[in-house]
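Coordinate inspection notes
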Amino acid sequence: MRVALVSETWAPEINGVAHTLDQLAHHLATRNVNLQLVRPRPQQGGREGRAERDMQVRAFSLPGYADVKVGLPAWQRLSNLWRESRPDVIYIATEGPLGWAALATARHLSIPVVGGFHTNFDQYAANYHLRWASGIVGAGLRYFHNRCQMTLVPTRAQAERLYQRGFQRVNVLGRGIDAQRFSPARRDAHLRAQWGVDGDQPVALYAGRLAGEKNTPLLVRTLRAMQEAHPGLRTVLVGDGPERQHLEHQLPEAIFTGFLSGETLARHYASADMFLFPSHSETYGNVVPEAMASGLPVVAFDQAAASELIADGREGRLIEATDDDAFVQAAVSLCQNSNARIRAGVAAREKVVDLGWDVIGERFLTYLIMATQEAPYAISSPGHV
C-alpha cells in the first residue's frame, strides 16, 4: 500500500500535529506501507522515517505568527508526483495552502483523501482579534473536509460538534502515549534542586505554546492565586511563543525553559507535582496525557483530551468550560493538598498507561484502507472510537 501524508508541519517542529504524524508515520512504516511525505522545507533538517518520497515545498510565515510556517500550493509538482507515483490514499493533516492544493489535486486525479481535523483554526481567529472571520474560516473548514472521503478527529465530543456544524463522514481517531518515556520514574531530584525546590515544596507545570490561543491570561491569574495561597510554590513553564516576553514580565518568579522534547521534556513533567492546562482551543492536547503518564494530577477544562481522560476529583480537576473562577479555585485547592495531589497523580498514571500508539496506528491504517473503497465511508455514529 502507498500512502501520501501531507502536512504544513513535521518533526523536528514541536507541536501536537507534528508529534502525532511522526507516531502515525512510524507505525505505517512498521507495517511495510510505502510512505510519501509532502511538507514545507524544514529550516533545520527533518526526519523522513522510511519515506519512499519526500517532496518539500517552499514555506512562508503566517502574519503575526512568525514561527509557524505554511507551504506554498505547488499544484504542478503535486500533480507530477502523483501521476508518476500514485498513492492509494492521501492523508491531509493541515488546511493551509499546501493542504488545499493537495485536496484539489487529489480530487482531479480521483485519489481518495482522508482529512485530519487537528486544529480549531476558526477559534484561533477569535483569539487573534479576528472574531469577525471565525464564521468564514469555519465554513471554509467544513467545505474542505466535506470533500474528503472521511475526516478524523481525536475525541467523540469533537466528532459530535462537527456533525452539528454540518461536517460529514466524521470518525474518531484517538491519540496514544509513550508511557515508558513519560513516567514518574523520570523524576529528577537534581533538576528540582536546579529549580530551587526543597523537599515537598510543590511545583506547578505548564507545557505548551506561550500564545494567546492557550488562554495565557487565565494561566497568569491562576499562578498568582496559587503563589499567594502557597508562597513556597515553584512555577515552571515549558514552551515558547509570542507571549513569552510578556509572561516573563508578569511572572518574574517563574522558570521559563523554552521548547523541550524527548527525555528532557519527560524529566520536567515527572519532576513537577501538578499540571495546569487552561486552554480552550484544543482539538486534543497531547500534553494532557503526557502529564498524566508522568504521574501529575491535571487541572483542565472539560473538553478535548481532558474530557476523555479525567474524572473530576480522581485524576485531577475537570472544570466547566466557562468557569474561570472555578479553574483558579481548583488549582489553589490542589496546590494546598499534597495528599490529594499524590492520589490523583497515581490515578492519572493508571488511566493512560495502556494507551499505546500501536493501537492508534493500527486504527489509522484501517481508516486509510476504508477510504480506498469505492463509496465514501463513515462510521454511522460519531461516538465510535
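A few points on the structure. (Residues numbered from 1 in each chain as written. Predicted model: local features only at pLDDT ≥ 70, side-chain atom pairs only at ≥ 80, totals over all residues. Heavy atoms only, no water.)

All right, on to the packing of aromatic side chains then. Enumeration over the complete set of coordinates arrives at eight aromatic pairs. Ring centres of F182 and Y269 lie 5.6 Å apart, and the angle between their planes is 80°; on these two criteria the pair is classed as edge-to-face. One end of the pair, F182, is in the loop between β9 (170–172) and α7 (189–194); the other, Y269, is in helix α10 (residues 262–270), and 87 residues separate them in sequence. Both residues of the pair, F182 and Y269, belong to the buried class. Seen from their ring centres, F275 and F277 are 6.1 Å apart, and the 20° between their planes marks the pair as stacked. As far as the burial class goes, F275 and F277 line up, both buried. Each member of the aromatic cluster is reached from another via a ring pair, and the members are F182, Y269, F275 and F277. The cationic tip of R175 hangs over the ring face of Y284; the distance from NZ or CZ to the ring centre is 6.0 Å. (Phe/Tyr/Trp six-rings, centres within 6.5 Å; stacked < 30°, edge-to-face > 60°. Helix = DSSP H or I, 4+ residues; strand = E, 2+ residues; numbered from the N terminus. Buried < 20%, exposed > 50% of the residue type's maximum accessible area, 1.4 Å probe, protein only. Lys NZ or Arg CZ within 6 Å of the ring centre and 35° of its normal.)

Let's shift gears to the packing of helix α8 (residues 216–229) against helix α13 (residues 324–336). At a closest axis distance of 9 Å, the pairing of α8 and α13 adopts a crossing angle of 35°. Pair α8 / α13 crosses with right-handed handedness. For the pair α8 and α13, contact is made by L218, R221, T222, A225, M226 and A229 and by D324, D325, F327, V328, A331, V332, C335 and Q336, respectively. The class makeup of the residues in the contact of α8 with α13 is nine nonpolar, two polar and three charged. (Axes fitted to C-alpha atoms, helices over the stretch in contact; angles between N-to-C directions. Left-handed = near helix turned anticlockwise from the far one by under 90°. Contact = heavy atoms within 4.5 Å. Nonpolar A, V, L, I, M, F, W, Y, C, P; charged D, E, K, R; others polar.)

Turning to the pairing of strand β6 (residues 89–92), a few remarks are in order. Every regular strand shows the same layout, with side chains that alternate between the two sheet faces. Alternating positions in β6 separate into two faces, V89 and Y91 on one and I90 and I92 on the other, with burial throughout. As paired strands, strand β1 (residues 2–6) and β6 are joined by four bridges and run parallel to one another. Paired with A4 across the two strands is I90, which belongs to β6. Judged from the three bridges that link them, β6 and strand β7 (residues 113–116) form a sheet pairing that is parallel. Counterpart to I92 in the pairing with β7 is G115. In this view, the connection linking β6 to its parallel neighbour β7 by way of helix α3 (residues 97–108) has right-handed handedness. (Pairing = 2+ DSSP bridges. Right-handed = clockwise from strand over helix to strand, strands pointing away.)

Negative phi characterises most residues that are not glycine, and trans characterises most peptide bonds. Cis geometry marks the peptide bond from A11 to P12, where omega comes out at 15°. Relative to the assigned elements, P12 resides in the loop between β1 and α1 (16–30). For A304, which is not glycine, the phi dihedral falls at a positive 50°. When you line up the elements, A304 lands in helix α12 (residues 304–309). Note on A304: relative accessible area 6%, which makes it buried.

The next subject is helix α2 (residues 75–84). Regarding α2, the residues found buried are L78, S79, L81 and W82. All buried residues of α2 fall inside an arc of 165° around its axis, so they share one side. Along α2, the residues that are exposed and aim more than 90 degrees away from the buried face are Q76, R83 and E84. (Arc of directions from axis to C-beta.)

Quick look at the packing of α1 against helix α15 (residues 357–371) now. Contact geometry for α1 and α15: axes closest at 9 Å, N-to-C directions at 75°. Taken together, α1 and α15 sit at an angle that is classed as roughly perpendicular. Where α1 abuts α15, its residues H19, T20, Q23, L24, H27 and L28 lie against W357, D358, I360, G361, E362, F364, L365 and L368. (Parallel < 35°, antiparallel > 145°, perpendicular 65-115°, else oblique.)

To continue, consider the nonpolar core. With 62 residues, the main nonpolar core has M226, L237, Y269 and F275 as its most contacted residues. The greatest single-element share of this core, amounting to eight residues, is contributed by α13. Each residue touching L237, except ones within four places of it in the same chain, is listed here: Y206, L210, L219, L223, L251, A254, I255, F256, T257 and G258. (Core = buried A, V, L, I, M, F, W, Y, C linked by side-chain atoms within 4.5 Å.)

In a beta sheet, neighbouring strands are held together by backbone hydrogen bonds and run either parallel or antiparallel to one another. The strand order across the open sheet built from six strands is β12-β11-β10-β13-β14-β15, with neighbouring strands paired in parallel fashion. Sheet topology places β12 (255–258) and β15 (316–319) at the edges, where each strand pairs with a single neighbour. Recorded for the sheet is a direction-independent mean angle of 20° between the axes of neighbouring strands. Each of β13 (274–277), β14 (298–301) and β15 touches α13; the most contacted strand, β14, lies at about 175° to it.

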